[in-house]
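# Structural overview
Now for the letters of each chain:
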Amino acid sequence: MITRREFVATSATAAAGLAIGPSGAAAAPSPTSPVSRFARPCVVASSNGIRGVKVAYDQIVAGTDTLDAIIAGVNITELDPDDQSVGLGGLPNEEGVVQLDASCMHGPTKRAGAVGCIEDIATPSLVAKAVMDYTDHIMLVGDDARRFAISMGFTPQNLLTEKSRQDWLRWKARLNPNDFWLDHDDDVQIRFTTGTINMNAVNATGDISSVTTTSGMAWKVPGRVGDSPIVGAGQYCDNTVGAAGSTGRGESNIMTCGGFLCVEFMRQGLGPEQAVLKALERVVATTQARLMGSNGRPFVDLQFYAVSKDGRYAGGSLYEGPGFAVCDERGARIEPCVYLYRQNERPRRG
Ligand code: SD4
């Protein structure tokens, strides 16, 4: 184990977006990891992780632990004030407060960490890893997660950027035409938005890790926790099989235990592409009637991303359209997700 001071120094370096070295027990080579002769390093993520997959891949081939590398990858977006889906600048809840969720798993040492509904800390992925590295627990939530982070050396800050605050005010003003908030003439319709990064990686020896970080659903009910911090839903990793995680409507994923299910399908012998498609079919099967259109297609959307121990990968989406980010020896790129339904099958509400 490294000391707490070393951990904080490492976190600060990572949070600054710089390359980090191995941190904590997670970085120790695992004597128990079966070495696959066929593993090829690969990092797969939601499309908003396109900058991160390159950083993570470069670190992995240089020998950095897979979890440290993918957390460095998602830190880039968590710390970007212009990205409104995670960390600093994430869209707030209905009261204008940014509340973040994250979780991670480290395959070689079979450990996990998570934080839910944490405020004021821009890099919840690193706090999730600190829960994993420094406690015998898996998840901390709310104000206690914030206090834990501060005790671990994280610096609290206001995460609500001016742009996100303005978007929140516009959303609030438009909620009710008869209230005392005036709509602005120049108002663009403020969309209901979601955003999250899930990132999964395997290295040349077949060691695997996964991480998911999010500001959750914009304008959510305060205290709402989505799928991202839930191990087995927002992400899951088994060092003997692969890793998977999700973006999209978290409630649908929690009902499906989607990250776990994708990995279980791969354990049964399916490739990542078939695994994510079968998990999406399960999402549809567990969708309640009020969320289904009359054509039998869901109103909601969800994506899964998966990597197998031998370096195969896939992204899958309920509806055609989204791509996913991948980086391997061919470089970083966006590839199209496999999907269940075409866009013209998406039902319209009302
Ligand atoms: C959540 N799954 O909190 C997240 C949101 C998300 O793209 O993924 N948005 O439900």
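Structure report, in brief.

The rules we used
Residues numbered from 1 in each chain as written. Predicted model: local features only at pLDDT ≥ 70, side-chain atom pairs only at ≥ 80, totals over all residues. Heavy atoms only, no water. Helix = DSSP H or I, 4+ residues; strand = E, 2+ residues; numbered from the N terminus. Buried < 20%, exposed > 50% of the residue type's maximum accessible area, 1.4 Å probe, protein only. Contact = heavy atoms within 4.5 Å. Areas by Shrake-Rupley, 256 points an atom, 1.4 Å probe, with all protein chains shown as cover. Near = heavy atom within 4 Å. Polar contact = N/O pair within 3.5 Å; in protein donor to acceptor, adjacent residues only side chain to side chain. Nonpolar A, V, L, I, M, F, W, Y, C, P; charged D, E, K, R; others polar. Pairing = 2+ DSSP bridges. Axes fitted to C-alpha atoms, helices over the stretch in contact; angles between N-to-C directions. Salt bridge = Lys/Arg side-chain N within 4 Å of Asp/Glu carboxyl O. Parallel < 35°, antiparallel > 145°, perpendicular 65-115°, else oblique. Left-handed = near helix turned anticlockwise from the far one by under 90°.

On to the overall build of the protein chain. Helix and strand content of the protein chain: 9 helices and 13 strands. Classification of the 350 residues of the protein chain by burial places 58% in the buried group. A fraction of 66% describes how many contacts in the protein chain between residues 6 or more apart in sequence connect residues 24 or more apart. Of the accessible surface of the protein chain, which amounts to about 14,700 Å², a share of 54% is contributed by carbon and sulfur atoms.

Right, let's get into the site of the ligand. As a matter of local geometry, the ligand sits amid 12 residues, with T196, R224, D227, G248 and G250 nearest to it. One of the side-chain nitrogen or oxygen atoms of T196 is found 2.5 Å away from an oxygen atom of the ligand. At 2.7 Å from a nitrogen atom of the ligand is found a side-chain nitrogen or oxygen belonging to D227. With the chains in place, 97% of the 290 Å² that the ligand exposes on its own is no longer accessible. Breaking the shell around the ligand down by element, the ones donating at least two residues are β5 (194-202), β6 (208-217) and β8 (242-248). Sorting elements by how many residues they give to the shell around the ligand places β5 first, with 3 residues. Here the shell around the ligand is composed, by residue class, of 1 nonpolar, 9 polar and 2 charged.

This next bit is on the sheet that holds strand β7 (residues 235-238). In spatial order, the strands read β7-β8-β9-β10-β13; together these 5 strands make up an open sheet with mixed pairing. Every other strand in the sheet has two partners, leaving β7 and β13 (338-341) as the edge strands with one partner each. With direction set aside, neighbouring strand axes in the sheet form an average angle of 15 degrees. Sheet topology note: the β7/β8 ladder contains 4 bridges and is antiparallel. When the sheet's bridge partners are listed, C237 is paired in β8 with A243. On top of the sheet, helix α8 (residues 258-267) reaches β7, β8 and β9 (302-308); it is set at about 145 degrees to β8, its chief contact.

Right, let's get into the pattern of salt bridges. With the rule as written, the count across this model stands at 23 salt bridges. A salt bridge links D167 to R170; the shortest N-O distance between them is 3.4 Å. Taken together, the residues D167 and R170, both in helix α6 (residues 162-173) and 3 residues apart, mark about one turn of the helix. Since its relative accessible area comes to 10%, D167 is described here as buried. R224 is paired through a salt bridge with E251; the nearest N and O atoms lie 2.8 Å apart. Residue R224 is found in the loop between β6 and β7, and its partner E251 is found in helix α7 (residues 250-254); the two are separated by 27 residues along the sequence. By relative accessible area, which is 28% here, E251 ends up partly exposed. One salt-bridge network, in which partners are shared between bridges, spans R40, D328, E329, R330, R333 and E335.

Turning next to the pairing of β8. Burial analysis of β8 places 7 of its 7 residues in the buried class, the great majority of the element. Burial along β8 is two-sided: the residues G242, A244, S246 and G248 and A243, G245 and T247 are all buried. Linking β7 back to β8 in an antiparallel pair, the connection comprises 3 residues. As paired strands, β8 and β9 are joined by 7 bridges and run antiparallel to one another.

With that out of the way, let us pick up the packing of α8 against helix α9 (residues 272-285). In a pair of packed helices, the angle between the axes and the distance between the axes together describe the arrangement. Two elements in contact, α8 and α9, have axes whose closest approach is 8 Å; the angle formed by their N-to-C orientations is 130 degrees. With respect to their mutual orientation, α8 and α9 come out oblique. Remark: the crossing between α8 and α9 carries right-handed chirality. Contacts from L261, C262, F265 and M266 in α8 reach P272, A275, V276, K278, A279 and R282 in α9. Grouping the constituent residues of the contact of α8 with α9 by class yields 8 nonpolar, no polar and 2 charged.

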